[in-house]
Every structure is written in C-alpha cells, then in structure tokens.
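Residue-level listing of the chains:
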Amino acid sequence: MKRDDLRAIEGLTEEQINEIMRLHGQDAATYQATVQGLQAQLATAQQGLAAFEGVDVNDLRSQITNLTNQLNTQAAEYAFNNVLRSAAREAGALDEADVIQLLPDRATLRESKNQAEDVKQAFADLKSRKPYLFQQGSPAPQDGGSEPQPGNEPQGNPIIVPKPRSQGGSAQPTLQEFLQMTGAERMALRTRNPALFQQLSTLVRAARH
C-alpha cells in the first residue's frame, strides 16, 4: 500500500492517510513476526525428525515394552522374596536362605492369588518333614502371659529346664549342637572358627538331600 494510492481516494485527509499507513505498518510487522515464528518452528521440527532418521519406530516400541516387562518382573520377584523371607523367619528357620532354596513349587507360589497364606502353609509342610531346619519349641507369649504361682504348677510331666549355653555356643559344637544353635550363635562360631563352621554347614546341607 502506497500513500499515492490513498491520496487518489477522494475525501481522505492527510491526517487520515497517515493513520491508515500507521495501522498498515503495524499489521505488516505482526504478519512478518508470525511468519518468522512459524519458520523457526518448522526448522526445529525438521531437526528433530533428522535425529530419528533411520530409526525403526516399531523396534523402539518393542524395546520399551521389553524394558517395562523386565521392570515389572523384577518388582514382582522382589516382593515375592520379601514374602518368602518373612514367612521363613516366622516359621523359625535356622537359615532363611537355605530353607527358601528347599521350598518346593516356588514357581507355583509366585503365581498364587493367595500368595502369603500359601507360602506360610508351604513352610509349615516343610517344617513337619524336616524339623531340624527350624528352631524347636514354642515362642514365648507376647502378652497376657503370667507365671504360675507357687503351689499352682500344672500336674503332669515335670518341666525340664535346659542347661544354658555360653554366649556363642560351645567352642567345638557337635553337629546336633550346631543344628540347635540360634542364628546369632552360628554367626559367632563363623567368626571364631570359620573352618569348623564351614564343615558343619556342609554336613547340614548333605543331610538335607
């Protein structure tokens, strides 16, 4: 648009012509800025597409799916191992890792809809078959228990109080004594006499098979 074109229009004053030219200049500047912005966006998009040139999109999606499945599997395995360790501890396992390895049908238990209860029952079954893998006797009452008053002891078989072992157990325990040791006593023996600990552990594993 030119001023001469506007002056050719009858009735327009010079002031009106100036205002029209000013508004036209603003519209032209806005249009130019819009065009430049769109050109910049186009250049950015073209650069982004160039980075994916030669990439197999379907293969990329497959890799993402595989990684997601691996993460889900690892999370489920971690949760399952926690259930196993908790149940083994509750059952009184002398060695949680060894007892878990001896647990049959772990794959079935992993997929169980009632996992916690089924795992607990599996440990109970294993304990009934191989009691030497677990601590013997009932745990002390947690609450509500009271000592019997003198003269009110229950009648029946006499109560035999076992002779207490020294801290860490016997210095040279037999296999039977080793089986009756607590986890802390076994760790103490392992620190004190690694060779004997290894020998007794080997005998225990051989007895399980």
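Here the structure is a predicted model, which means the values were calculated and not measured.

## As for the side chain of S201
With respect to the helices and strands, S201 occurs in helix α9 (residues 194-208). Accessibility expressed as a relative area gives 8% for S201, which makes it buried. In this structure the side chain of S201 is engaged in a polar contact, spanning 2.9 Å, whose partner is the backbone oxygen of F197.

## Describing the nonpolar core
Counting residues in hydrophobic clusters, the biggest one holds 16 residues, and the most contacted among them are L84, V99, L103, L109, V119, F123 and F134. Elements with a contribution of two residues or more to this core: α3 (57-91), α4 (96-101) and α6 (115-129). At 5 residues, the largest contribution of residues to this core is made by α3. When neighbours within four sequence positions are excluded, L103 is seen to be in contact with L84, L109, A122, F123 and L126. F178, M181, L196 and V204 belong to the second largest nonpolar core, which has 8 residues in total.

## A word on a nonpolar patch on the surface
Together, F52, V55, L60 and I64 line one region of the surface with nonpolar side chains, adding up to about 370 Å² of accessible area. By secondary structure assignment, the location of V55 is in the loop between α2 (14-51) and α3.

## Here we look at unusual backbone geometry
Backbone geometry at D105 places phi at a positive 55 degrees, although glycine is not the residue there. Of the residues examined, D105 reaches a relative accessible area of 57% and is grouped as exposed.

## Describing the pattern of salt bridges
Using the criterion set out here, one finds 3 salt bridges in the structure. The salt bridge involving E77 is made with R110; its shortest N-O contact spans 2.8 Å. Here E77 is found in helix α3, whereas its partner R110 is found in helix α5 (residues 106-110), with 33 residues between them in sequence. For E77, a relative accessible area of 28% puts it in the partly exposed group. By relative accessible area, R110 is classed as partly exposed at 31%. Here K120 makes a salt bridge to E90, at a shortest N to O gap of 3.7 Å.

## Some points on the packing of α3 against α6
Where α3 contacts α6, the two axes come as close as 9 Å, and the packing angle between them is 45 degrees. Put simply, α3 runs oblique to α6. As for how α3 packs across α6, the hand of that crossing is right-handed. Along the contact surface, α3 presents F80, V83, L84, A87, A88, E90 and A91, while α6 presents Q115, A116, V119, K120, F123 and K127. In terms of residue class, the contact of α3 with α6 is made up of 9 nonpolar, 1 polar and 3 charged.

## Digging into the confidence of the model for the protein chain
Across the protein chain, the average pLDDT comes to 77, with 80% of residues at or above 70. Ranking the helices and strands of the protein chain by mean pLDDT puts α6 first, with 90, and helix α1 (residues 3-7) last, with 72. Predicted confidence is poor over residues 139-146, with pLDDT under 50, and the contacts of this stretch with residues over four places away or in other chains come to 0 contacts. Overall, residues 156-168 carries pLDDT values under 50, and its contacts beyond four positions in sequence, including any with other chains, amount to 9 contacts.

Thresholds, definitions, all that
Residues numbered from 1 in each chain as written. Predicted model: local features only at pLDDT ≥ 70, side-chain atom pairs only at ≥ 80, totals over all residues. Heavy atoms only, no water. Helix = DSSP H or I, 4+ residues; strand = E, 2+ residues; numbered from the N terminus. Buried < 20%, exposed > 50% of the residue type's maximum accessible area, 1.4 Å probe, protein only. Polar contact = N/O pair within 3.5 Å; in protein donor to acceptor, adjacent residues only side chain to side chain. Core = buried A, V, L, I, M, F, W, Y, C linked by side-chain atoms within 4.5 Å. Contact = heavy atoms within 4.5 Å. Patch = residues over 30% accessible without salt bridge, like charges linked within 9 Å, V, L, I, M, F, W, Y side chains within 5 Å. Areas by Shrake-Rupley, 256 points an atom, 1.4 Å probe, with all protein chains shown as cover. Salt bridge = Lys/Arg side-chain N within 4 Å of Asp/Glu carboxyl O. Axes fitted to C-alpha atoms, helices over the stretch in contact; angles between N-to-C directions. Parallel < 35°, antiparallel > 145°, perpendicular 65-115°, else oblique. Left-handed = near helix turned anticlockwise from the far one by under 90°. Nonpolar A, V, L, I, M, F, W, Y, C, P; charged D, E, K, R; others polar. pLDDT = per-residue confidence, 0-100.

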